[in-house]
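Residues per chain are reported as follows:
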Amino acid sequence: MKYLFFFSLVGIFCGISLYLYQVYSESRDEIANIKQHKMDITTQIFDRKERLVANLFDKQYRLYAHFSEIPPRVIEALLAVEDTLFFEHVGINPDTISRAMLKNALNMRWLEGGSTLTQQVVKNVILTSEKTLKRKIKEAMFAVLLERELSKEEILEIYLNYIFLGHGYYGIKTAALGYFHKNLNELSLKEISMLVGLPKAPSTYDPTKNLHYSLGRANSILARMLDIGWISQEEYDLGIKEIPEIYDESLTQNLAPYVVDEVVRQLTPMYPDLKTAGYKIKLNIDLDYQNIAQEALRYGYSKINARLLEKYPTYFKQRESVQDSQEHQQQDLVHTQSTSKLPDGVKELLEIDTTPAYPKKAGELNGAIVITESQTGKILALVGGVDYKRSPFNRATQTKRQFGSSIKPFIYMLAFDRGYSPAWKITDAPRRFGIESNIENIKNIKNANKETEEDIWIPKNVGAYGGLVSLHYALQHSANLATINLVNQIGFDFIYRGLIDFGFQNVPKDMSIVLGSLSLSPLDAAREYSLFSNYGTMLTPRLIDSLVTQDGEVYEFPLVSNEYTQPKQAFLIIDILRDVVNRGTGSRARLQNIEIAGKTGTSNQNIDAWFCGFSPSIQTVIWYGRDDNTPIGPAETGGIVAPPASAYFFSKLLEIEPGIKRKFHTPQGVIKKTLDDGEYLYTNTSKLPSQPPNSSNADEDLIF
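Residues numbered from 1 in each chain as written. Predicted model: local features only at pLDDT ≥ 70, side-chain atom pairs only at ≥ 80, totals over all residues. Heavy atoms only, no water.

Engineer: Explain the overall build of the protein residue by residue, including any values.
Structural biologist: Looking only at helices and strands, the protein has 21 helices and 23 strands in total. Out of the 704 residues belonging to the protein, those deemed buried represent 52%. The contacts of the protein with a sequence gap of at least 6 include a subset with a gap of at least 24, amounting to 70%. With an accessible surface of roughly 32000 Å², the protein has 51% of that area assigned to carbon and sulfur atoms. (Helix = DSSP H or I, 4+ residues; strand = E, 2+ residues; numbered from the N terminus. Buried < 20%, exposed > 50% of the residue type's maximum accessible area, 1.4 Å probe, protein only. Contact = heavy atoms within 4.5 Å. Areas by Shrake-Rupley, 256 points an atom, 1.4 Å probe, with all protein chains shown as cover.)

Structure representation (structure tokens):
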């Protein structure tokens, strides 16, 4: 019997030893996992002035704080409530474990675990929260081994970044910024106490939900710190009285959702861990510009609806203001009466079902705006719709819409670079084109600017015909017939190849391109129009300035540019586009205290309305249309619909940046000559006609 007892003890001892050895063996790999563990860290997006635009994260919203960033007071408050002997024990505290075991035994259930901070790190990172003896043994052994591998400071850094502190916040830095809008070094003692009291019950002590409980928990921590002599009576009294200001807001902080969506779209292929690697992304976006651009787009939108209501009160009902759209109570243009005997173009518009729904049904009027810096290509603002909550579809980048007459400056640019000048004359008169004109896809521009009779094409101007006009006049007044005759005179193939060289894609190989049948996005249009706003050098719009990794590596997004023509040649177009705004189709974009140049564009049946304009330093591309490609409304041309948004934007911009450049500079090599029908610019490439009609007797030309 004696030997049996002895061998039983030996067997138990051997079994325990074998189990502990197995746990020890497992621990080597597990400890390595803790050392190499990478937490999900939130990526932050900032505007060009370092203001937060948005937080990007997958499942855990965490901003990482290195130990050097953590104030000593945070450490003291944490240890006072969680593990006072942290810097003295070896990973486990026998006193707390024995007290916990006694309390659990007396109550016949598991109440306390007696875990040190090191044990909590082990439990959180590599183990589970199950309350079993096996897990506690592993936790204790792993904790002892972890203390041999990592310093106390490293363990504290892991703990303070890993813990969940309620409201979706992971880590002490995240919670400080979320609850108090403060960095760690700006926290008061009371605020610190509220934060370190959260791990015990994050939901219960969440100050946005239960401020009373949170303050009570913090006061008990202050009392504990006073008892052990870590704060003075004065600090305690001050902390007890303080009631901090608490902020309750969304985690993403997305101030420019269309912009953020585009950032994610551009960067995800290069950085699959975009939402978990803690990148710092600096954009070229300026939140001040972004806000003004959003206002401008909504301003233009409201003007369109108000105009349709005023012109057709019998058939349209005004939808509510854009601000109410967040409650999904907004209605667009609603059919209120019979569609019989309606004005041309109205019936199709009224057949749209605009009953509020999400996603919106066909017919929703919308728009987009892209603002760039002319000399750098930096995107300062990008808005892809009137209301992101109702429609997150980004019309600035994802839609392809017909360009209309906004294409014409590129045709004239090709002509000028071939030797024509603004003073050259062209016929602007009705003309019939037969089958020999090679019009294969003329259906793309039917009904709005032409009539067809079998193989006969009869294009029309929107306004009156000018007869024999200068190229300056033809572009300024967007004369269709004059432009078509110019293309015929130069050669269609030359113009077609030139547009391809400019970067336009999917260009129809027929004369419909003269009237803008090709399609592109507003962002694409911003690139194309930089040819003019940047004096002959086209710039690829840049949304992102730089990206910084957690290790401090910086990747900068380079400028991509292509020089197509000389500044003096580009200025010939700029001068005409300036007159488009001053005295042409873009007059609604005109302002008294800053020069604006630009071109309007209207696609067939007023389906798309464009204004591509620029000041001496800032470029705007504005588009309005309906998502189902139905007409905006009768007489809603590009010159009426889009320019008011541009005028609104620049007027507001001058209020916040009164020092921006206001007049275009004239490049060297541009010459002015006065003829009987007006003043014209020319260069040594784009010369005046050899025998210009009605030439004046001016002896000298003005040379810039």
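Engineer: Break down the pairing of strand S2 (residues 52–56) for me, citing the residues and quoting the values.
Structural biologist: Summarising burial for S2: four of the five residues are buried, a large majority. Pairing of strand S1 (residues 43–46) with S2 involves four bridges; the strand directions are antiparallel. For glutamine 44, the partnering residue across the bridge sits in S2 and is asparagine 55. (Pairing = 2+ DSSP bridges.)

Engineer: Lay out helix H21 (residues 643–656) with the relevant residues and their values.
Structural biologist: In a regular helix each residue adds 1.5 Å, so 14 residues correspond to 20 Å; H21 covers 21 Å between its end C-alpha atoms and thus fits that length. Extensive coverage of H21 is indicated by the burial of 10 of its 14 residues. Buried residues in H21 make contact with helix H12 (287–311), strand S6 (365–373), strand S18 (597–602), strand S19 (608–614), strand S20 (618–626) and helix H20 (638–641). (Expected span 1.5 Å × (residues − 1).)

Engineer: An account of the sheet that holds S18 is needed here, citing residue identities and associated values.
Structural biologist: One open sheet holds the five strands; their spatial order is S7-S6-S20-S19-S18, and the pairing between them is antiparallel. Each edge of the sheet is formed by a strand with only one pairing partner; in this case those strands are strand S7 (379–383) and S18. The mean angle between the axes of side-by-side strands here comes to 10°, regardless of whether they run parallel or antiparallel. With four bridges connecting them, S6 and S7 associate as antiparallel partners. Note on S7: the bridge partner recorded for isoleucine 371 is alanine 381. Sheet contacts for helix H18 (residues 522–533): S6, S7, S18, S19 and S20; angle to S20, the most-contacted strand, approximately 145°. Contacts from H21 reach S6, S18, S19 and S20 within the one sheet, and its direction differs from that of S20 by about 145°. (Axes fitted to C-alpha atoms, helices over the stretch in contact; angles between N-to-C directions.)

Engineer: Describe the packing of helix H8 (residues 189–196) against helix H9 (residues 211–227), naming the residues involved and giving the relevant values.
Structural biologist: At a closest axis distance of 8 Å, the pairing of H8 and H9 adopts a crossing angle of 105°. As judged from the angle between their axes, H8 and H9 are roughly perpendicular. Between H8, through Leu189, Lys190, Ser193, Met194 and Val196, and H9, the contact on the second element is made entirely by Leu211, Ser214, Leu215, Ala218, Asn219, Ile221, Leu222 and Met225. By residue class, the composition of the contact of H8 with H9 is nine nonpolar, three polar and one charged. (Parallel < 35°, antiparallel > 145°, perpendicular 65-115°, else oblique. Nonpolar A, V, L, I, M, F, W, Y, C, P; charged D, E, K, R; others polar.)

Engineer: Which residues make up the pattern of salt bridges, and what values do they have?
Structural biologist: Under the criterion given, the structure shown has 25 salt bridges. Among the salt bridges present, the one from arginine 48 reaches glutamate 657, with a minimum N-O distance of 3.9 Å. Of the two residues, arginine 48 sits in the loop between S1 and S2 while glutamate 657 sits in the loop between H21 and strand S21 (671–675), which places them 609 residues apart along the sequence. For glutamate 657, a relative accessible area of 21% corresponds to the partly exposed category. Between arginine 51 and aspartate 286 there is a salt bridge, with the nearest N and O atoms lying 3.1 Å from each other. Highlighted residues: arginine 51 in the loop between S1 and S2 and aspartate 286 in the loop between strand S5 (280–283) and H12, separated in sequence by 235 residues. (Salt bridge = Lys/Arg side-chain N within 4 Å of Asp/Glu carboxyl O.)

Engineer: Which residues make up the nonpolar core, and what values go with them?
Structural biologist: Ile281, Phe403, Phe410, Phe504, Phe532, Tyr624 and Phe649 are the most contacted members of the largest nonpolar core, which has 124 residues in total. Look past the residues within four positions of phenylalanine 532 in its chain and what remains in contact with it is Pro409, Phe410, Met413, Ile573, Ile574, Leu577 and Phe614. (Core = buried A, V, L, I, M, F, W, Y, C linked by side-chain atoms within 4.5 Å.)

Engineer: Could you give an account of the packing of helix H7 (residues 172–180) against H8, naming the residues involved and the relevant values?
Structural biologist: Contact geometry for H7 and H8: axes closest at 11 Å, N-to-C directions at 120°. When the axes of H7 and H8 are compared, the pair comes out oblique. Every pair of crossing elements has a handedness; the one defined by H7 and H8 is right-handed. Facing H7, whose interface residues are Ile172, Ala175, Ala176, Tyr179 and Phe180, H8 presents Glu191, Met194 and Leu195. (Left-handed = near helix turned anticlockwise from the far one by under 90°.)

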